[in-house]
Structures are given as structure tokens and as C-alpha cells.
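# Secondary and tertiary structure notes
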Amino acid sequence: MKMEFAIKHTWDGLPVSHEPATIWLKSDNVGLLMEVSAPFFNDPPAPLGEPGKPFSRLWDYEVVEAFFLNDRTGQYLEVEVCPHGQHLLLLLSGRRGVWKEELPLEFEVTRMKNKWEGKAHLPWNYFPPCINKFNAFAIHGSGEERKYEALYPVPQHELQEGQKPDFHRLEFFEDLNLKGLMGEDWKQPESDIWKSLNN
């Protein structure tokens, strides 16, 4: 069983002009396996950090991102992965409220000439309780040519003149029902990390 999400639009709702970046979610032994397949633009060039390790401000590079949200509490996990092997995990409480970052991650990447694939093993301990919403994004390009793409873009009627892309518009995330993946009787395991925030 797996769930598939293809990022077919720019952040403001226009169709992308290339093969879409795609994310699959699968059950893993102790969490979710997130698989990514995306075009490889090699723009901007690779971050200077060591592959397989966290890299601060990875969103300034070529990345695919996934956000897992509990829309009642506003708590969410942000996962960023890059074709060069670096990653960045952020735990947020409230919009943009980062309280933990650069968590370790088991992440493998395979890079070809025009495409890359990644596998990230996300332990349940990283997920806030009762996640029920999801969005995913892809970013590539430099300067004026920087492209911001979204699984669930900002609806046309919500766009304001001069608006900039903002991936933390949590109100535009859509439903994620992991019971469809894990089984109807499944309950999300509790997280020690998130419990420490709430105590």
C-alpha cells in the first residue's frame, strides 16, 4: 500500500512545465517511508554540507518538501530533502514556530542525469500527535528563474497582487488520512519529542 502525491502546479496554481516531482508515502517499520522522484535541475548548485547530514536553510537550494500538520493544534513536521543528499527536518508549533530542527534522518538518494530519487525514513517520534493535513512543495532554479511548486497551491481567488510564495499557509493544506495506508484500527504512536514540548 502507498499514497501518491504529484506536485503539478506552481505555488499560485499554474501548471508546471516539466515532469512533476512526486512523493509516495508507505508504511515503514517504525514510521513512514517517504519516497521522492523528481527532475534534477542541478540549479542552484549543491549545498556545501556533507551528504546524508542536516543542512541549515536547505530551502534556499533545490529541494522537495513535505509538511505533516495537525490543524487543531497547529503543530507540524516539515521534511526537506535535496538531490545532493542533504536534508532538513523542522518541528513547528504554530505557523513558522520552529522549536526543534536539524534532526537526524536516514536518507538515501540516487541521482541520474535528469532525475533524482530519494528515500527518507521518518520515525513516528518526529510527527506531532494526530496529523490530519498535508502539503508538499518543490523548489528549483536561481534568481529570477526560481520556481516554487505546490501540491495544494493557493486558490486563485485568494491570490493578492504582489504576493510571494509562502509554504506555511496552513489553511490551504488538505486532508491526510493515514488509516487508509496503515489500516482502519491503526493509531498514531505517541511521540516523546512532542510530549516534551507539551509538558
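Scoring rules and cut-offs
Residues numbered from 1 in each chain as written. Predicted model: local features only at pLDDT ≥ 70, side-chain atom pairs only at ≥ 80, totals over all residues. Heavy atoms only, no water. Helix = DSSP H or I, 4+ residues; strand = E, 2+ residues; numbered from the N terminus. Buried < 20%, exposed > 50% of the residue type's maximum accessible area, 1.4 Å probe, protein only. Phe/Tyr/Trp six-rings, centres within 6.5 Å; stacked < 30°, edge-to-face > 60°.

## Comments concerning unusual backbone geometry
- Of note, the bond from D43 into P44 is cis; its omega dihedral lies within 30 degrees of zero at 0°.
- You can see P44 is positioned in the loop between β4 (31-39) and β5 (63-70).
- Of note in this structure, R57 is not a glycine but carries a positive phi near 60°.
- As for its placement among the helices and strands, R57 is situated in the loop between β4 and β5.
- Given the relative accessible area of 45%, R57 is considered partly exposed.

## Here's the deal with the packing of aromatic side chains
- Applying the stated criterion across every chain yields a total of twelve aromatic pairs.
- Ring geometry for F67 against F173: centres 5.8 Å apart, planes inclined by 90°, an arrangement best described as edge-to-face. In this pair, F67 is assigned in strand β5 and F173 in the loop between β12 (147-150) and β13 (174-175), connecting sequence segments 106 residues apart.
- According to the relative accessible area criterion, F173 is buried, its value standing at 5%.
- Note on W99 and W194: the rings are 5.2 Å apart at their centroids and 75° apart in plane angle, and the pair reads as edge-to-face. In this pair, W99 is assigned in strand β8 (residues 98-101) and W194 in helix α2 (residues 192-198), connecting sequence segments 95 residues apart.
- Judged by relative accessible area, which is 26%, W99 ranks as partly exposed.
- Members of the aromatic cluster, connected to one another through ring pairs, are F5, F68, W124, F127, F134 and W186.

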